[in-house]
Number of protein chains: 4
Amino acid sequence: MTHTIREKQKLINRVRRLRGQMEAVERMLEEEKGCAEVMQLIAGIRGAVNGLMAEVIEDHIHHHLAAPELTQADRNEAAGELVDVVRAYLK
Amino acid sequence: MTHTIREKQKLINRVRRLRGQMEAVERMLEEEKGCAEVMQLIAGIRGAVNGLMAEVIEDHIHHHLAAPELTQADRNEAAGELVDVVRAYLK
Amino acid sequence: MTHTIREKQKLINRVRRLRGQMEAVERMLEEEKGCAEVMQLIAGIRGAVNGLMAEVIEDHIHHHLAAPELTQADRNEAAGELVDVVRAYLK
Amino acid sequence: MTHTIREKQKLINRVRRLRGQMEAVERMLEEEKGCAEVMQLIAGIRGAVNGLMAEVIEDHIHHHLAAPELTQADRNEAAGELVDVVRAYLK
């Protein structure tokens, strides 16, 4: 991905927070914490994964589909990639 | 949407099938059919709504973002619209 | 489903609103309205389908799993039905 | 959660696989791998989070709602917890 340093760091920070949430789920399971707490945390993780996906897709649209300097071959490739992801995500 | 007649008809057919499924849910509720049947049908409807969304997004990508004849202003507008939808769908 | 009349009517009203939204999508496609509008409406429909599903599942939990008058056989059946739906919805 | 050792271990293994997938996303972002690869991996993570959620909900239904030894107070509490999660997940 051709991202600016700032965008890249923002994405990596999101992924790290998600890893921290996964580790919290693992600890809760180890310590036999209540289902309710575990389920609420997993619901939050799902939201965070969707947010990460939205951000990556947004970058892809701006940098690989809409940017003025792209060639038609670049755009066709990026369009195909995005269509595949939309299908995988919405199936 | 600037679709070919064929694409447009395919989308309308999908929407009509969905309306038929909604009518079936309504009948089941009126006739007090079992929860299990109603829940399975709603799960199917959710899948069909996702499939419809994937198809509309796919058309949007091809016709409004990747097509060679578009102006930069067209592409910027279509990119903004798609980003809004991705956010609404993945929030 | 063994619902009170009030719950049943509330569910039917939700389904009717959803049918109205599907009809609006169909009209938009017929009239070649812009993609952005169609996509936003479908995102709203997805939210409404999820809301309907949440309501039906909630009724199922209260009336078929937690209610005090149920037999163990009732509960086992309702548990199996709910597990099937959760799997279908989250796959 | 009152799980058998076997169920608990199965859940923990799922969570560990998910952590591994999150680490792979982080590495890909660090190494500026292509968007398409990153997006496909995130789509897979979303599926795995849903699968984990389905498993935890299934355990909750069996052990805290349907199990014969539960008191009515246990069931009422577990029903309330499950309803909250369904709403959080389907909102």
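Quick note: structure is the one above.
Residues numbered from 1 in each chain as written. Chains lettered and ligands numbered in written order. Predicted model: local features only at pLDDT ≥ 70, side-chain atom pairs only at ≥ 80, totals over all residues. Heavy atoms only, no water.

Caption draft 1: Focus on the overall build of chain A. A tally of helices and strands in chain A yields three helices and zero strands. Listed by position from the N terminus, the elements making up chain A come as α-α-α. Relative to the compact-globule value of 12 Å for 91 residues, chain A shows a C-alpha radius of gyration of 17 Å, a clear excess of over 25%. Along the first, second and third principal axes, the C-alpha atoms of chain A reach 55 × 30 × 15 Å. Counting all 91 residues of chain A, 54% fall into the buried class. Carbon and sulfur atoms make up 51% of the accessible area of chain A, which amounts to about 4,100 Å² in all. Each charge class in chain A was averaged separately, 13 positive and 15 negative side chains, and the resulting centres sit 3 Å apart. (Helix = DSSP H or I, 4+ residues; strand = E, 2+ residues; numbered from the N terminus. Rg over C-alpha atoms; globule rule 2.2 N^0.38 Å. Buried < 20%, exposed > 50% of the residue type's maximum accessible area, 1.4 Å probe, protein only. Areas by Shrake-Rupley, 256 points an atom, 1.4 Å probe, with all protein chains shown as cover. Lys, Arg positive; Asp, Glu negative; His and termini not counted. Charge placed at Lys NZ, Arg CZ, Asp CG, Glu CD.)

Caption draft 2: Focus on the relation of the copies chain B and chain A. Its rotation angle being 180°, the transformation that places chain B on chain A also includes 0.0 Å of axial translation and leaves an RMSD of 0.0 Å. Accordingly, the operation relating the two chain copies is best matched by a two-fold axis. No C-alpha of chain B approaches the rotation axis more nearly than that of B:L65, which lies at 3.2 Å. Comparing contact sets, 100% of the residues at the interface of chain B also lie at the interface in chain A, consistent with an isologous, same-surface contact. (Least-squares fit on C-alpha atoms with pLDDT ≥ 70 in both. Contact = heavy atoms within 4.5 Å.)

Caption draft 3: Inspection of the relation of the copies chain D and chain A at higher detail. With an RMSD of 0.0 Å, the fit of chain D onto chain A corresponds to turning through 180° and sliding 0.0 Å along the axis. Both copies contact each other with a shared surface, as 98% of the interface residues of chain D are interface residues in chain A too.

Caption draft 4: Molecular detail of the interface of chain D and chain A. If you look at the interface, chain D gives 40 residues, while chain A gives 39 residues. For the pair chain D and chain A, the summed buried surface comes to about 4,000 Å²; carbon and sulfur atoms form 70% of the total. Where chain D packs against chain A, one counts 10 salt bridges. Between A:K8 and D:E32 there is a salt bridge, with the nearest N and O atoms lying 3.0 Å from each other. Inspection of the region where chain D meets chain A yields 12 residue pairs in polar contact (both at pLDDT 80 or more). Elements with a minimum of two residues in the side of chain D that touches chain A: α1 (5-30), α2 (35-66) and α3 (72-90) of chain D. Broken down by element, the residue count for the side of chain D that touches chain A peaks at 17 residues, all from α2(D). (Buried area = accessible area lost by both parts, 1.4 Å probe. Salt bridge = Lys/Arg side-chain N within 4 Å of Asp/Glu carboxyl O. Polar contact = N/O pair within 3.5 Å; in protein donor to acceptor, adjacent residues only side chain to side chain.)

Caption draft 5: Layout of the pattern of salt bridges. Inspection of the entire model under this criterion finds 36 salt bridges over all chains. A salt bridge links A:E30 to D:R16; its shortest N-O distance comes to 3.3 Å. Of the two residues, A:E30 sits in helix α1 (residues 5-30) while D:R16 sits in helix α1, which places them in two different chains. Across the salt bridge formed by B:K33 and B:E31, the nearest N and O atoms sit 3.2 Å from each other. Linked by salt bridges that have partners in common, A:R16, A:R19, D:E23, D:E26 and D:E30 make up one network.

Caption draft 6: Region of the structure containing the interface of chain B and chain A. Listed as interface residues are 22 residues of chain B and, on the opposing side, 22 residues of chain A. For the pairing of chain B and chain A, the buried interface totals around 1,800 Å² over both sides, and the portion due to carbon and sulfur atoms is 71%. Run the count over chain B and chain A and you get two salt bridges. Between A:E58 and B:R87 there is a salt bridge, with its nearest N and O atoms 2.6 Å apart. Summed over the shared surface of chain B and chain A, the result is four residue pairs in polar contact (both at pLDDT 80 or more). Of all the secondary-structure elements, those providing two or more residues to the side of chain B that touches chain A are α2 (35-66) and α3 (72-90) of chain B. For the side of chain B that touches chain A, a count of residues per class yields 14 nonpolar, five polar and three charged. (Nonpolar A, V, L, I, M, F, W, Y, C, P; charged D, E, K, R; others polar.)

Caption draft 7: Local environment of helix α3 (residues 72-90) of chain A. Residues and elements named next belong to chain A. Helix length check: α3 (19 residues) gives 27 Å between terminal C-alpha atoms against 27 Å at 1.5 Å per residue, within 8%. For α3, the set of buried residues is R75, A78, A79, L82, V83, V85, V86, Y89 and L90. The arc that holds every buried residue of α3, seen down its axis, measures 165°, which confines them to one face. Set apart from the buried face of α3 by more than 90 degrees, the exposed residues are A73 and E77. (Expected span 1.5 Å × (residues − 1). Arc of directions from axis to C-beta.)

Caption draft 8: Geometry of helix α2 (residues 35-66) of chain A. Taking 1.5 Å of rise per residue, the 32 residues of α2(A) would be expected to cover 46 Å, and the 45 Å separating its terminal C-alpha atoms lies within 8% of that figure. For α2(A), the tally of buried residues reaches 24 of 32 residues, placing the bulk of the element in the interior.

Caption draft 9: Structural detail: the packing of aromatic side chains. Scanning the entire structure with this criterion turns up zero aromatic pairs over all chains. The ring of D:Y89 has A:R46 sitting right over it, with the charged end atom 4.0 Å from the ring centre. (Phe/Tyr/Trp six-rings, centres within 6.5 Å; stacked < 30°, edge-to-face > 60°. Lys NZ or Arg CZ within 6 Å of the ring centre and 35° of its normal.)

Caption draft 10: Spotlight on the side chain of A:N50. Tracing the chain through its elements places A:N50 in helix α2. Owing to a relative accessible area of 6%, A:N50 belongs among the buried residues under this scheme. Ignoring sequence-local partners within four residues, the contact set of A:N50 consists of A:Y89, B:L90 and D:R46.

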